[in-house]
Amino acid sequence: MSNFKIKSMKTASVFTGRCKMYRILLALALLLILQNLKIVGAVWRYGFIVEDERLVSINKVVILSHSNEQGGPVIAGWSVPPGCTVQGDPTKVPLLTCASEGYHRVAPLFKEEGYQEEERYIYVSKSYFTFAWYAVIPFNGFLEGGRKILRMWLIDPEQAEFSEIVKGSNYPSQHSYYLSINFHNLGQFPIVTLPDSTQKIYGHFTGYGYWEAIIEWNQPYVTVDISGQLISFQHRFVLDSLHSFYWEPYETFAFTSMPVPIKLAQGLMPVLNQDPCTPHRAVFLTQLAMTLTIDSFKDPRMVYVVPHGYISVPPWGFLEVSDAILLDDGIIFLMYDMLLWRSHRDKVLQIRPEIFFTGVRGMVQRTTCLADHPSQEGVDYGKVLVWTDDTVYIGGSRFTSPHSDGKYFKRLARSRMGGSFRTVAFGSDPNKIAILIMDSYYMVYLYMFNLKTLEFTPKHLLSKIAPDQILRGHIRMRFYESSKESFLMWNETMMWYSFRDDSISGTLSLPGFRDLSTAAGRSWIHEVVIDQNWNLLVKMSNNVVFFCKYGVTKLVRLARWILPSSPASLYSNANKLSFVVSHQDRPVKAYYYPLHLETLSAMFGGDYSCAYVTFKHNMKKYYYLDKGQENAFWAQLVYFEWKGVTIQVLRSNKALLDFDLSRDFELVHQVFTMNMTIKATQKKDFTSEPNYDLEMSLSQGIVRVEVMPNLIGNKCELPRNRVSYFSVGCPPNRHLRVTKHMTRSILQLDTYQFGYSLRPWGVKCEKKTFHNFTIPGSVLRTPQADDVAGCLRDAQTWDSILKTTRYPVEQAWGPGIYKSCFVLDDATLGDMNRPYEIMNRSFSNSLTFSKEDSAHYIFTARIVDPNYSFCDLRATFAVQTFGISKPKYEYLILYVTLSFTFICLSILGYAYFKYVQIFRDLQEKKKHS
């Protein structure tokens, strides 16, 4: 056995020695090759007629371009495979077309020998989607009330006019006119969907070669999704697409004094900060100038300021800043270690008391949009974080909406035990921020600070990293939008990852290289971008870009898109398209970056795959769940047999919601289809809770739900809406409504909330108006007499409640003190002769009013069922009755009538007897005469 070990050790040592020898020989060979091969500062790119890489298909045009630094090589032609042709002058705008599907190797050729550039493998698909929607809001399309006319027609990119390509046409060209009419005759029409809406707006054909739709939108920007029908014309279909429109005016303020330009301080890399909720608005800082865009860099403008107060202009005529963040009403600048403010209104750069403090070490802004995020009481999500050595501050999206103390920034946390803050970032949970602290012994610690509870929680990623590796230059962090805390942390040379609350962590690297700096030719990390398709892009200072998908730990190096010396940054617009913004040329230019094709080219020939074919779900961004409610959605995964892939449901705050998962499978030709149905419900029973208010508080909150496959690769596609937020609590706009529905003088109540199902609930009447109506025994049910529901305990009454409560009458009877009649407090029965003074939806109990009185009654109805809603549902209403009222002196008329009758009869009787007497007297006189 010992001889075997000795032989194995000798064999291993010989193998190790040979490997080292082969590495040395390979390095020498590479050195000899590089001595004869010159790599210069030159790049080549490609583009399309319409900025959409999905339209790249067989025989469609791909526009090639080449740029180099001064003194670079002269291009002679292009190397393309058989089946592809390049037309046009190779030094100007050559056009590439390929007649077959697949990957095609393309590279430039130079007149000088020894020059070579990176080759690309452009993937050409066999897609039948070759037509695109064109959309515009014409000059006369702005109507009253925020309504706008959206005009749409169809274009063939290779036949469209230039005005249609640059989106400057209000009417279709002749070719687009006939194309739209032909599709209309076949039954085509556009369907417009507004942001974060499920409402569909259908376009109507006008007969002038275009469709029109009326959209209602009051914001100065909108991004709409235009889709059509699966109808083909000449075996070709129309591609669905996103379209953005901006009608926010640029700054036109007339400066009262000489304006001064803003530039980035020397020695800093370019800075691009965009608003996460309005990605078409961004600022871009370089050493050449600072530019502002409100239309996704279609027409960027330079930023000027008017210095005020103690701010003086240097002799060189411009001001230098190290960072800038764009707010809704202005820009915050970081100059040296203090903050300055410039309003969009007057362009004055000044020191404001709302942000006046020195010693600022940095500032960051939130990278995810929380405009529609459910709000929580006592939580200020904020948009901007600023930190000094010992304090962290948070600010909102508007400078002119300060806190109650008049300050824009609110102090969040202070350093303890003499530690200093190195960097901060917004967390995956909107309620949390991450703080990196270094103590006096140069030990680094990472904490999560909760904005709601104001508590610190340690993170354990740094315990796996040597301190000397972390403290290499400026440290930064970026958190993913995730159900668990998932983030990236990097310095100038290395990057680390932590997924799902530190359950998966390590170093993000390129295979075969020690760190990213070495992989990029001794460059350093410039910026890290996570786009809306969950692609991670790491840009280096020499404009080398690395790529990987969310959850993947191995990077892929992409071909260079911009010159190494050009100041550039990565940018993603509102249409979810990627760009490289560069200030190499004046003005600032945004180069369309076909990221999907670039990643396919970089991974061609490598060991890259995806464990599944497709994955999709129908989850929305936000859900609102009340007590007892349920939301259901589905997810579908298609994969090949024996891949070991499944759907996982990750969530935070598991105690707030119950999830029921059901799966069914379908197998066709070794291809599995997994369909998962997910039901989220709130099932907690509050009837037996001793402290109702406390349990109500603990049972509300936000649950982040993430549905994704368990195996993800760099070639996989993930849904854009990957994380959903379930707000457990009182839904917005839910209220109690009193319906005007009377049946036999019985008052009926109902609730109203967008089709929510109703359960039994109780209604109370105000004590102050209790005496204004009658409660006969036949109306209010007595348990002992007629209890078909089967109650076990005596009914609650106003008298019993008011004796034991400390709340006023308006708050006395509520869900917190409600006792169900079906549950006994002890084994003994109560007084079962008490009538019920609450009503349920069966309407067995009701209120009746006098049929004789006409009066006004004021009621306050309140739902007292503790398992019905988190909302305090109540409504105050009035009832007016019209009865057959008795007059106040109802017998006076009778008395008067009887008296009048008696008098009349008396007069008549007296007159009769008087007449008879006179008549008799006359008769006597006649006899005597």
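Up top is the structure these notes are about.
Basis of the calculations
- Residues numbered from 1 in each chain as written.
- Predicted model: local features only at pLDDT ≥ 70, side-chain atom pairs only at ≥ 80, totals over all residues.
- Heavy atoms only, no water.
- Helix = DSSP H or I, 4+ residues; strand = E, 2+ residues; numbered from the N terminus.
- Buried < 20%, exposed > 50% of the residue type's maximum accessible area, 1.4 Å probe, protein only.
- Contact = heavy atoms within 4.5 Å.
- Salt bridge = Lys/Arg side-chain N within 4 Å of Asp/Glu carboxyl O.
- Pairing = 2+ DSSP bridges.
- Axes fitted to C-alpha atoms, helices over the stretch in contact; angles between N-to-C directions.
- Polar contact = N/O pair within 3.5 Å; in protein donor to acceptor, adjacent residues only side chain to side chain.
- Patch = residues over 30% accessible without salt bridge, like charges linked within 9 Å, V, L, I, M, F, W, Y side chains within 5 Å.
- Areas by Shrake-Rupley, 256 points an atom, 1.4 Å probe, with all protein chains shown as cover.
- Expected span 1.5 Å × (residues − 1).
- Phe/Tyr/Trp six-rings, centres within 6.5 Å; stacked < 30°, edge-to-face > 60°.
- Lys NZ or Arg CZ within 6 Å of the ring centre and 35° of its normal.
- Disulfide = S-S within 2.5 Å.

Participant: Which parts of the structure should I look at to understand the overall build of the protein?
Facilitator: Secondary structure summary: the protein contains ten helices and 60 strands in total. Here the protein, with 929 residues, has 48% of them falling under the buried criterion. Within the protein, contacts between residues separated by at least 24 positions form 61% of all contacts whose residues are at least 6 apart in sequence.

Participant: Is there a simple way to think about the pattern of salt bridges in this case?
Facilitator: Where side chains of opposite charge bring their charged atoms close, a pairing between them can arise. In total, this model carries 23 salt bridges according to the counting rule given. Lys459 is the salt-bridge partner of Asp502, the closest N and O atoms lying 3.9 Å from each other. Here Asp502, found in the loop between β38 (495-499) and β39 (504-508), pairs with Lys459, found in strand β35 (residues 456-459); they are 43 residues apart in sequence, far enough to count as distant. Accessibility expressed as a relative area gives 13% for Asp502, which makes it buried. The salt bridge partner of Arg862 is Asp872, with a shortest N-O separation of 3.0 Å. Residue Arg862 is located in strand β59 (residues 855-862), and its partner Asp872 is located in the loop between β59 and β60 (874-881); the two are separated by ten residues in the primary sequence. Judged by its relative accessible area of 7%, Arg862 is buried. The partly exposed category is assigned to Asp872, whose relative accessible area is 42%. Each of Asp275, Arg281 and Lys383 takes part in salt bridges that share partners, so that together they form one network.

Participant: Looking at this model, I keep getting lost on the sheet that holds strand β18 (residues 271-274). Mind explaining?
Facilitator: Through backbone hydrogen bonds, the strands of a sheet pair up, either in parallel or in antiparallel fashion. The sheet built from four strands is open, its strands ordered β18-β19-β20-β21 with antiparallel pairing. Two strands close off the open sheet at either side, each with one partner strand: β18 and β21 (301-302). As paired elements, strand β20 (residues 290-293) and β21 share two bridges and run antiparallel to each other. The partner of Leu292 across the bridge, within β21, is Arg301.

Participant: Where do I start with the sheet that holds strand β7 (residues 120-124) in this structure?
Facilitator: The strand order across the open sheet formed by three strands is β3-β6-β7, and the pairing between neighbours is antiparallel. Because the sheet does not close on itself, it has two edges, and the strands there are β3 (75-79) and β7. Strand-to-strand, the axes of this sheet are offset by a mean angle of 30 degrees, without reference to chain direction. Direction of pairing for strand β6 (residues 102-110) relative to β7: antiparallel, over a ladder of five bridges. Its bridge partner being in β7, His104 is matched across the sheet by Ile122. Together, β6 and β7 form the strand contacts of helix α6 (residues 595-603), whose direction differs from that of β7 by roughly 120 degrees.

Participant: When you look at the side chain of Lys383 in this model, what are you seeing that I'm missing?
Facilitator: On the secondary structure map, Lys383 appears in the loop between β28 (362-365) and β29 (384-387). Polar side-chain contacts of Lys383 include one of 3.4 Å to the backbone oxygen of Leu326. The contacts of Lys383, once residues within four sequence positions are left out, are Asp275, Pro276, Leu326, Leu327, Asp328, Val364, Gln365, Arg366, Gly395, Gly396, Ser397 and Phe426.

Participant: Help me out: how do you make sense of a nonpolar patch on the surface in this one?
Facilitator: A grouping of Tyr891, Leu894, Tyr895 and Leu898 is seen on the molecular surface, where their side chains present a nonpolar patch of about 450 Å² in accessible area. Here Leu894 is to be found in helix α10 (residues 892-928). A relative accessible area of 42% means that Leu894 is categorised as partly exposed.

Participant: Just checking my understanding: could you explain the environment of Ile863 for this structure?
Facilitator: Here Ile863 lies in the loop between β59 and β60. Its relative accessible area of 5% is what places Ile863 among the buried residues.

Participant: What's the story with unusual backbone geometry in this structure? I'm lost.
Facilitator: Backbone phi values are negative for most residues with the exception of glycine, while trans is the configuration of most peptide bonds. A positive phi angle is found at Lys167, which is not glycine, with a value near 60 degrees. Relative to the helices and strands, Lys167 is located in the loop between α2 (162-165) and α3 (174-185).

Participant: Teacher, can you tell me more about α3 here?
Facilitator: Residue pairs spaced three or four apart in an α-helix point in one direction, given the helix's 3.6 residues per turn. Compared with an ideal rise of 1.5 Å per residue, which puts twelve residues at 16 Å, α3 spans 17 Å between its outermost C-alpha atoms and is within 8% of the ideal. For α3, the full list of buried residues reads Ser176, Leu179, Ser180, Ile181 and Phe183. On the buried face of α3, the contacting elements are β8 (129-136), β9 (147-155), α2, β12 (204-205), β13 (211-216) and β15 (237-239). Looking one or two residues beyond α3, the residue adopting positive phi is Gly187, at roughly 105 degrees.

Participant: What should I look at first to understand the pairing of β60 in this one?
Facilitator: A regular strand places its side chains so that they alternate between the two faces of the sheet. In β60, alternate side chains face the same way, and those of Ala875, Phe877, Val879 and Thr881 are buried while those of Arg874, Thr876, Ala878 and Gln880 on the opposite face are not. Sheet analysis places β59 next to β60, joined by eight bridges and oriented antiparallel. Paired with Ala861 across the two strands is Ala875, which belongs to β60.

Participant: Please clarify how the pairing of strand β33 (residues 432-438) should be interpreted in this entry.
Facilitator: Counting buried residues along β33, six of its seven residues qualify, which places the element largely inside the surrounding structure. What sits between the antiparallel neighbours strand β32 (residues 420-426) and β33 is a turn of five residues. Examined bridge by bridge, β33 and strand β34 (residues 444-450) share seven bridges and lie antiparallel to one another. Residue pairing for β34: Met438 is matched across the bridge by Val444.

Participant: When you look at the packing of aromatic side chains in this model, what are you seeing that I'm missing?
Facilitator: What describes a pair of aromatic rings is the distance from one ring centre to the other and the angle between the planes of the rings. As enumerated under the stated definition, the model contains 47 aromatic pairs in all. Seen in terms of ring centroids, Trp534 and Tyr550 are 5.9 Å apart; in terms of plane orientation they differ by 55 degrees. Their pairing is tilted. Taken together, the residues Trp534 in the loop between β40 (525-530) and β41 (535-540) and Tyr550 in the loop between β42 (545-549) and β43 (556-557) connect sequence positions 16 residues apart. Each member of the pair, Trp534 together with Tyr550, is buried. A connected cluster of aromatic rings, assembled from ring pairs, spans Trp44, Tyr46, Phe48, Trp78, Phe297, Trp561, Tyr571, Phe579, Tyr592 and Tyr593. The residue whose ring lies beneath Lys627 is Phe686, and the NZ or CZ to ring-centre distance is 4.3 Å. A cation over an aromatic ring shows up here: Arg722 above the ring of Tyr550, its NZ or CZ 3.9 Å from the ring centre.

Participant: Can you help me understand the state of the cysteines in this one?
Facilitator: Note on terminology: a disulfide is the covalent bond linking the sulfur atoms of two cysteines. Under the counting rule described, the total for this entry stands at four disulfides. Two residues share a disulfide in this structure: Cys84 and Cys98, whose sulfurs sit 2.1 Å from each other. Linking Cys84 and Cys98, the disulfide has an S-S dihedral of approximately 110 degrees and is accordingly described as right-handed. Of this pair, Cys84 sits in strand β4 (residues 84-87) while Cys98 sits in strand β5 (residues 95-98); the two residues are 14 residues apart in sequence, bridging distant segments of the chain. Each member of the pair, Cys84 together with Cys98, is buried. One disulfide in the model links Cys277 with Cys369; its S-S distance is 2.1 Å.

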